[in-house]
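Next come the chains, spelled out residue by residue.
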Amino acid sequence: MMITMTDSSVSRVAVVTGGSAGIGAAAAEALAHDGWHVVVAARRLDKLTAVAERIGGTAVELDVTDQASVDSFAAGLDRVDLLVNNAGGARGLEPLAEADLEKWQWMYDTNVLGTVRVTRALLPRLRESGEGLIINIGSKAALDPYLGGSGYNAAKFGLKALTRVTRLEEIDAAAGVRVTEIDPGRVATDFSLMRFDGDEARARAVYEGKENLVAEDIAEAIRWVASLPPRVNIDSMNIMPRDQG
Ligand SMILES: NC(=O)c1ccc[n+]([C@@H]2O[C@H](COP(=O)([O-])OP(=O)(O)OC[C@H]3O[C@@H](n4cnc5c(N)ncnc54)[C@H](OP(=O)(O)O)[C@@H]3O)[C@@H](O)[C@H]2O)c1
């Protein structure tokens, strides 16, 4: 797969990591609707392919925790105008005294270093765009610590620091890239199923009786940020369900 600038059928190219499900799949659909050619990237190729077929995009297998996978992904792209760093999630909700450090490592490696790997690999293409934009999907967990959240809080607070530094660095870069962080509150996706290792009853209880956001609500914000003129940088957006403080 090679997305080339000379292909007249391709206008602007967006990469959405974690495009196989949830917020990423919804964002891919919204962007495609606005005329972007969307490259959806994640580990589950069957789900990615279904999304790509639905939106007329391109599915590429990618593990953001694996440098070789990121390198070969980047080598297949010669144009990128928008990067949505969405791949991520939480594992566990234990207090620090019972923390499973393997879960903490997964959260840091996926949410923080995964974003670093993909951003670093695609930054040359984003700068060449002249209108490049990076949207990092953070979380309310990057704003407010909560009980049992310390591993995920630490990862998403880390991602917020990374987002801000990338933004500062790009201010002075030639053809600097715009950088945005979108921090959602509770969105009904497979997020909690992943957090609780597939425990469906526990995952369902997170959303029951509440006014949850849906993935399309966050996709709409991503679509809007990406639709603005290149002079505009939205630094951050916090998006909560009405009943979440
Ligand atoms: N749902 C919420 O309440 C909520 C709130 C705030 C922030 N967020 C953030 O929103 C983002 C998307 O989550 P979601 O709610 O849409 O959950 P989701 O449905 O579980 O989606 C997570 C996505 O990340 C991908 N992913 C995980 N590890 C990956 C890896 N190593 N390499 C590539 N892709 C990987 C998954 O794809 P594969 O499994 O196919 O690789 C999947 O597409 C995450 O960063 C999450 O932290 C979610």
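Everything numeric in this text was worked out from a predicted model, so none of it was measured.

Visitor: Just checking my understanding: could you explain the overall build of the protein chain for this structure?
Guide: Scanning the protein chain from N- to C-terminus turns up eight helices and seven strands. Here the C-alpha coordinates of the protein chain stretch approximately 55 × 40 × 35 Å along the principal axes. The contacts of the protein chain with a sequence gap of at least 6 include a subset with a gap of at least 24, amounting to 67%. As displayed, the protein chain has an accessible area near 11400 Å², and 52% of this comes from carbon and sulfur atoms. Measuring between centres, the 26 positive side-chain charges of the protein chain sit 3 Å from its 35 negative side-chain charges.

Visitor: Would you explain the nonpolar core in this entry?
Guide: Nonpolar side chains tend toward joint burial in soluble globular proteins. In this structure, Leu31, Val38, Leu82, Ile135, Ile182 and Ile222 are the most contacted members of the largest nonpolar core, which totals 37 residues. Contributing elements (two or more residues each) for this core: strand S1 (13-17), helix H1 (22-33), strand S2 (37-42), helix H2 (45-55), strand S4 (82-85), strand S5 (133-137), helix H8 (215-227) and strand S7 (236-239). Here this core takes eight residues from H1, the largest share from any one element. Sequence-distant contacts of Ile135, defined by excluding residues within four places in its chain, comprise Leu82, Leu83, Val84, Asn85, Thr180, Ile182, Ile222 and Val225. Formed by 20 residues, the second largest nonpolar core is a distinct cluster that contains Ala41, Val80, Val118 and Leu123.

Visitor: Before we go on, may I ask you to explain H8 in this structure?
Guide: Each α-helix turn comprises 3.6 residues. Residues three or four places apart therefore point the same way. With 13 residues, H8 should reach 18 Å at 1.5 Å per residue; the first-to-last C-alpha distance of 18 Å fits that figure. Among the residues making up H8, those that are buried are Ala215, Ile218, Ala219, Ala221, Ile222, Val225 and Ala226. One side of H8 holds all its buried residues, which, seen down the axis, span an arc of 160 degrees. The elements touched by buried residues of H8 are H1, S4, S5, strand S6 (178-184) and S7.

Visitor: In this structure, what is going on with the pattern of salt bridges? I would like to understand it.
Guide: Note on pairing: side chains with opposite charge can pair once their charged atoms come close. A full pass over the atoms with the stated rule returns 16 salt bridges. Linking Glu181 and Lys160 is a salt bridge whose minimum nitrogen-to-oxygen distance equals 2.9 Å. In this pair, Glu181 sits in strand S6 while Lys160 sits in helix H5 (residues 150-172), placing the two residues 21 residues apart along the sequence. Lys160 carries the same exposure label as Glu181, and that label is buried. A salt bridge links Asp243 to Arg186; its shortest N-O distance comes to 2.8 Å. You can see Asp243 sitting in the segment after S7 and its partner Arg186 sitting in the loop between S6 and helix H6 (191-195), a full 57 residues away along the chain. Take Arg186: its relative accessible area is 14%, and that puts it in the buried class. Sharing partners across several salt bridges, the network here consists of Arg91, Glu94, Lys103 and Asp197.

Visitor: For this particular structure, what's the right way to read the site of the ligand?
Guide: In the vicinity of the ligand there are 30 residues, among which Ser20, Arg43, Arg44, Tyr152 and Thr189 approach most closely. Take Val187: an N or O atom from its main chain is 2.9 Å from an oxygen atom of the ligand. When the ligand sits alone it has 880 Å² of accessible area, and the protein chains cover 95% of it. The set of elements that each furnish at least two residues to the shell around the ligand consists of H1, helix H4 (101-129) and H5. Of the residues contributing to the shell around the ligand, the split by class is 11 nonpolar, 13 polar and six charged.

Visitor: Is there a simple way to explain the packing of helix H3 (residues 67-75) against H4 in this structure?
Guide: Axes are the key here: two packed helices are described by the angle between their axes and the distance separating the axes. At a closest axis distance of 10 Å, the pairing of H3 and H4 adopts a crossing angle of 30 degrees. The orientation of H3 relative to H4 falls into the category roughly parallel. The interaxial crossing formed by H3 with H4 has right-handed handedness. Note on element contacts: H4 touches H3 through Arg117, Val118, Arg120, Ala121 and Leu122, opposite Gln67, Val70, Phe73 and Ala74.

The rules behind each value
Residues numbered from 1 in each chain as written. Predicted model: local features only at pLDDT ≥ 70, side-chain atom pairs only at ≥ 80, totals over all residues. Heavy atoms only, no water. Helix = DSSP H or I, 4+ residues; strand = E, 2+ residues; numbered from the N terminus. Contact = heavy atoms within 4.5 Å. Areas by Shrake-Rupley, 256 points an atom, 1.4 Å probe, with all protein chains shown as cover. Lys, Arg positive; Asp, Glu negative; His and termini not counted. Charge placed at Lys NZ, Arg CZ, Asp CG, Glu CD. Core = buried A, V, L, I, M, F, W, Y, C linked by side-chain atoms within 4.5 Å. Buried < 20%, exposed > 50% of the residue type's maximum accessible area, 1.4 Å probe, protein only. Expected span 1.5 Å × (residues − 1). Arc of directions from axis to C-beta. Salt bridge = Lys/Arg side-chain N within 4 Å of Asp/Glu carboxyl O. Near = heavy atom within 4 Å. Polar contact = N/O pair within 3.5 Å; in protein donor to acceptor, adjacent residues only side chain to side chain. Nonpolar A, V, L, I, M, F, W, Y, C, P; charged D, E, K, R; others polar. Axes fitted to C-alpha atoms, helices over the stretch in contact; angles between N-to-C directions. Parallel < 35°, antiparallel > 145°, perpendicular 65-115°, else oblique. Left-handed = near helix turned anticlockwise from the far one by under 90°.

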